[in-house]
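# Coordinates in review
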Amino acid sequence: MKIETIETPRLALRGFTPGDAPFAMSLWNDPDTGRWLSDPALEAIPDLAAYTKSVEGLGDALDCCHLVAVDRATGQPVGTCSFIPENGGRSYDIAYAVQPACQRQGYGTEIVEGLIGYARARGAGAVTIRIAKENEASNALARKVGALIIAEGSYTKGGTDEVIPNYIYELKL
């Protein structure tokens, strides 16, 4: 799903391109960041070439909008994010990841606020975010933007049997 670039004070949330795959794969498989994501660890992927090709094609997905958060001043990527419009666009499920060197600098909040603003501008009534229960920083971010826990669930870490309990947050727009 392709959209126009979402601009925030410091970031441009732009469409994912094949050239973003190495950055995204390194972020999603970073030991600190990747532990909270459902993406499989690289060593658990049986066909790395096929996986890489699938990541390179994320910008062409029809059901999910994959974006890269780029620092507008430096042009360097600081994270990735995505959203899935649900219920005919009445709600958006969002996700985000910030590279470790850029964490605790407000980039996560800025990414989430940019996605919320995009959903609101398109008439969505709510945004949901799924966050691992043990991910204290991301849970704090969800509360900071006003989201409330509406359910609990879990997901399985790709390529493993590890089940990760999570909260489902909702922000009414």
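Here the structure is shown first, and the text comes after it.
Quick summary incoming for the structure in this document. All of these numbers come straight from a predicted model, not from anything done at the bench.

Scanning the protein from N- to C-terminus turns up five helices and eight strands. What you see in the protein, going N to C, is helices and strands ordered as β-β-α-α-α-β-β-β-α-β-α-β-β. The C-alpha atoms of the protein give 15 Å as radius of gyration, which agrees with the globular expectation for 173 residues (16 Å, within 12%). Summarising its shape, the C-alpha atoms of the protein cover approximately 40 × 35 × 35 Å along the three principal directions. Per-residue burial for the protein yields a buried fraction of 48% across its 173 residues. Considering only residue pairs separated by 6 or more positions, the protein has 61% of its internal contacts joining residues 24 or more positions apart. Approximately 8800 Å² of the protein is accessible, and the part contributed by carbon and sulfur atoms is 52%. Averaged over its 16 positive side-chain charges, the protein has a centre that lies 7 Å from the centre of its 22 negative ones.

Here we take up the sheet that holds strand S4 (residues 77–86). Overall, mixed pairing links the eight strands, which are arranged S1-S2-S3-S4-S5-S6-S8-S7 in an open sheet. Looking at which strands have only one partner, the edges of the open sheet turn out to be strand S1 (6–7) and strand S7 (148–156). Judged from the seven bridges that link them, strand S6 (residues 126–132) and strand S8 (residues 163–172) form a sheet pairing that is antiparallel. Across the sheet, Ala 132 pairs through a bridge with Asn 166, a residue of S8. Across the face of the sheet, helix H1 (residues 21–28) comes into contact with S4 and strand S5 (91–98) while running at roughly 90 degrees to S4.

Although it is not a glycine, Asn 87 adopts a positive phi angle of roughly 55 degrees. Tracing the backbone shows Asn 87 in the loop between S4 and S5. Take Asn 87: its relative accessible area is 49%, and that puts it in the partly exposed class. Here the phi dihedral of Arg 104 falls at roughly 65 degrees; this positive angle occurs in a residue that is not glycine. Tracing the chain through its elements places Arg 104 in the loop between S5 and helix H4 (107–121). Note on Arg 104: relative accessible area 78%, which makes it exposed.

Thresholds, definitions, all that
- Numbering of residues begins from 1 in every chain and follows the order in which that chain's sequence is written.
- Selection of residues for local features in this predicted model requires a pLDDT of at least 70, selection of side-chain atom pairs for listing and counting requires 80 or more, and totals for whole chains, interfaces and linings are taken over all residues.
- Side-chain measures were taken over the full set of non-hydrogen atoms in the model, leaving aside hydrogen atoms and water.
- Helix and strand labels come from DSSP, where a helix needs a run of H or I of at least four residues and a strand needs a run of E of at least two; each type is numbered from the N terminus.
- Our radius of gyration looks at C-alpha atoms and nothing else; its globule reference is 2.2 Å times the residue count to the power 0.38.
- Three labels apply to residues, based on accessible area from a 1.4 Å probe with only protein chains included: buried if under 20% of the type maximum, exposed if over 50%, partly exposed otherwise in between.
- In what follows, a contact means two residues having at least one pair of non-hydrogen atoms within 4.5 Å.
- To measure how exposed things are, a 1.4 Å probe is used in the Shrake-Rupley method; for residues, cover is taken only from the protein chains shown.
- The convention is simple: Lys and Arg are positive, Asp and Glu are negative, and His and the chain ends are not counted.
- Where a charge sits is defined by one atom per residue type, namely NZ (Lys), CZ (Arg), CG (Asp) or CD (Glu).
- A pair of strands is treated as paired once DSSP finds two or more bridges between them.
- Angles here are taken between N-to-C directions and fall from 0 to 180 degrees, while the axes themselves are lines fitted to C-alpha atoms, restricted in helices to the stretch in contact.

Remember, this is a structural readout, not a statement about activity or role.
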